[in-house]
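Residue-level structure breakdown
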Amino acid sequence: MILAKVIGTVVATRKDETLEGTKLMIVRRVDTEGKYIEPEAVAVDYVGCGIGEFVLCATGSSVRVEESKKGKTIDMAVIGIIDSVDKAGA
Amino acid sequence: MILAKVIGTVVATRKDETLEGTKLMIVRRVDTEGKYIEPEAVAVDYVGCGIGEFVLCATGSSVRVEESKKGKTIDMAVIGIIDSVDKAGA
Amino acid sequence: MILAKVIGTVVATRKDETLEGTKLMIVRRVDTEGKYIEPEAVAVDYVGCGIGEFVLCATGSSVRVEESKKGKTIDMAVIGIIDSVDKAGA
Amino acid sequence: MILAKVIGTVVATRKDETLEGTKLMIVRRVDTEGKYIEPEAVAVDYVGCGIGEFVLCATGSSVRVEESKKGKTIDMAVIGIIDSVDKAGA
Amino acid sequence: MILAKVIGTVVATRKDETLEGTKLMIVRRVDTEGKYIEPEAVAVDYVGCGIGEFVLCATGSSVRVEESKKGKTIDMAVIGIIDSVDKAGA
């Protein structure tokens, strides 16, 4: 998985029907200091995230293992909202 | 998923039979400002997009979850046409 | 999918048995101008391509959706031979 | 698979329910000299690793082949703790 | 698939049980001239390769299609030993 920051939303009226009702968030991968390390991508919100929040994202078939997601054309999702990152011991 | 711009089409008469009848679009990944950030790729059009449009693309097995797509040799598809991108809060 | 140029072949007598009888082509990803944009990779030929030809390649599980390919240890294949690329409208 | 160093942990109270009870480790890919070669990622700990350890990580659907993992939204895991790397003959 | 050179081995006593009995090789992707083009990765040996040999590697779910490999936490494997590369016509 990757750490990312939620930086916006996308509206696409004409889209794959399996995406109906999903929230399409613009996310950008960050390192543990919150610095951007990859360009923007689009992830479906699975946990009710908001713009400006640091989140956990998963990609690939991992985002379609739950029954409700199996038939959906999704390759990236926000699957967690970060409370804290602990690098003390490193 | 990624944001991309549709910049052309590809014709390949001799191709995998499962691609018969599909529209092969040349797309190029963009950031939210519309700037190109990756080289061209080829995606099958799932939503009736046109050259010059900004679109949403998915990759990998996610583009073969629908019954009609299961047996097709496709690893990238145009799955939405972008109306708007909102980064106001970021 | 990606655009690529076929630049050679690979011979590997000792290989995974599921690759027996396949033609292993060396391909290199190109942009729509034919310029190389990634290093060489190896793809199984699905359509009878030849050295020097511009082709369409797919990667990942998409190259194993057809019955005859399901049990094969293949992650990249040549799935089409390019006739033309049209970027007129872009 | 890749070699990586465990450099921290992530806490995310609000997350995909299938991640309940998992330990989310921050890992960073390294080369055989232990030098960082990619930014941080997040992997679920499958083997009881600790911060500062060099580990083996797998990605993609490979981390969900075991029965207990099949329904989990995981795309990267720590699957081994490195004892030694032998490059003598190279 | 990719061309790679075998440059060492990894020992990990504490590892995912499905990796028991496998040989973990350190490989490094090369171009057709044998020049390194990516950092080291770890691949399970499927064909009895040795250090210093040029090999063919596959990644992702392709390395788990054979019955004996289905339940294994493997995302990269050495699947062939290169005899020759022919770029004459390119």
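Quick summary incoming for the structure in this document. (Residues numbered from 1 in each chain as written. Chains lettered and ligands numbered in written order. Predicted model: local features only at pLDDT ≥ 70, side-chain atom pairs only at ≥ 80, totals over all residues. Heavy atoms only, no water.)

**Considerations on the overall build of chain A**
- Scanning chain A from terminus to terminus reveals zero helices and six strands.
- Helices and strands appear in chain A in the N-to-C order β-β-β-β-β-β.
- In terms of overall dimensions, chain A is globule-like: its C-alpha atoms have a radius of gyration of 14 Å, near the 12 Å expected for 90 residues.
- The C-alpha extent of chain A, read off along each of the three principal axes, is 45 × 25 × 20 Å.
- Put simply, chain A has 90 residues, and 56% of those count as buried.
- Within chain A, contacts between residues at least 6 apart in sequence are counted, and of these 53% link residues at least 24 apart.
- Surface summary for chain A: the accessible area is close to 3500 Å², and the carbon and sulfur share equals 49%.
- Seen as two clouds, the 12 positive and the 14 negative side-chain charges of chain A have centres 3 Å apart. (Helix = DSSP H or I, 4+ residues; strand = E, 2+ residues; numbered from the N terminus. Rg over C-alpha atoms; globule rule 2.2 N^0.38 Å. Buried < 20%, exposed > 50% of the residue type's maximum accessible area, 1.4 Å probe, protein only. Contact = heavy atoms within 4.5 Å. Areas by Shrake-Rupley, 256 points an atom, 1.4 Å probe, with all protein chains shown as cover. Lys, Arg positive; Asp, Glu negative; His and termini not counted. Charge placed at Lys NZ, Arg CZ, Asp CG, Glu CD.)

**Some remarks on the nonpolar core**
- In terms of nonpolar packing, the biggest core is built from 160 residues, with A:Val27, B:Val27, C:Val27, D:Val27 and E:Val27 touching the most fellow members.
- For C:Val27, the contacting residues outside a window of four places in its chain are C:Ala4, C:Lys5, C:Val6, C:Pro39, C:Glu40, C:Ala41, C:Ala43, C:Cys57, C:Met76 and C:Val78. (Core = buried A, V, L, I, M, F, W, Y, C linked by side-chain atoms within 4.5 Å.)

**Points about the interface of chain B and chain C**
- Taken together, the contacts link 31 residues of chain B with 30 residues of chain C.
- Counting the surface lost from both chain B and chain C, the interface buries some 2300 Å², and carbon and sulfur atoms represent 54% of this.
- Ranking the residues of chain B by area buried against chain C places B:Arg14, B:Glu40 and B:Asp75 at the top, with a combined share of 26%.
- In this assembly, chain B and chain C are joined by one salt bridge. (Buried area = accessible area lost by both parts, 1.4 Å probe. Salt bridge = Lys/Arg side-chain N within 4 Å of Asp/Glu carboxyl O.)

**A word on the relation of the copies chain B and chain C**
- Note on the copies: chain B fits chain C at an RMSD of 0.0 Å, the axial shift is 0.0 Å, and the rotation between them is 72°. What the superposition gives is, in effect, a five-fold axis relating one chain to the other.
- When the interface residues of chain B are mapped onto chain C, a mere 3% of them again fall at the interface, so the copies present different faces. (Least-squares fit on C-alpha atoms with pLDDT ≥ 70 in both.)

**Regarding the relation of the copies chain D and chain A**
- Rotating chain D by 72° and moving it 0.0 Å along the rotation axis overlays it on chain A with an RMSD of 0.0 Å.
- Little of the interface of chain D is mirrored in chain A: 3% of its interface residues are interface residues there too.

**As for the interface of chain D and chain A**
- Contact with chain D, which involves 31 residues of that partner, is made by 30 residues of chain A.
- Among the residues of chain D in contact with chain A, D:Arg14, D:Glu40 and D:Asp75 are the three that bury the most area, contributing 26% of the side total.
- Here chain D is connected to chain A by one salt bridge.
- A salt bridge links D:Glu40 to A:Lys87, with the nearest nitrogen and oxygen atoms 3.4 Å apart.
- Secondary structure elements with two or more residues in the side of chain D that touches chain A: strand 1 (2–11), strand 2 (24–30) and strand 3 (36–45) of chain D.
- Broken down by element, the side of chain D that touches chain A gets its largest block of residues, six residues, from strand 3 of chain D.
- Considered class by class, the residues forming the side of chain D that touches chain A number 15 nonpolar, seven polar and nine charged.
- The sheet contact formed by strand 6 (residues 84–86) of chain A and strand 1 of chain D spans three bridges and is antiparallel. (Nonpolar A, V, L, I, M, F, W, Y, C, P; charged D, E, K, R; others polar. Pairing = 2+ DSSP bridges.)

**With respect to the state of the cysteines**
Residues and elements named next belong to chain B.
- Here the structure, examined in full by the defined rule, presents zero disulfides over all chains.
- Take Cys-57: it sits in no disulfide, and the sulfur closest to it among the cysteines is that of Cys-49, at 7.8 Å.
- Assessed through its relative accessible area of 0%, Cys-57 is described here as buried. (Disulfide = S-S within 2.5 Å.)

**Here we look at the arrangement of the chains**
- Kept free of each other, chain B and chain D leave a smallest C-alpha distance of 11 Å between them.
- At the C-alpha level, the nearest point of chain B lies 11 Å from chain E, with no contact between them.

**With respect to the pairing of strand 4 (residues 54–59) of chain E**
Residue and element names in this part refer to chain E.
- Pairing geometry for strand 1 (residues 2–11) and strand 4, over four bridges, is antiparallel. Of the residues in strand 4, the one forming a bridge with Leu-3 is Leu-56.
- Bridge count between strand 4 and strand 5 (residues 76–81): five bridges; the pairing is antiparallel. Across the sheet, Cys-57 pairs through a bridge with Val-78, a residue of strand 5.

Purely spatial values, then, with no claim about function.
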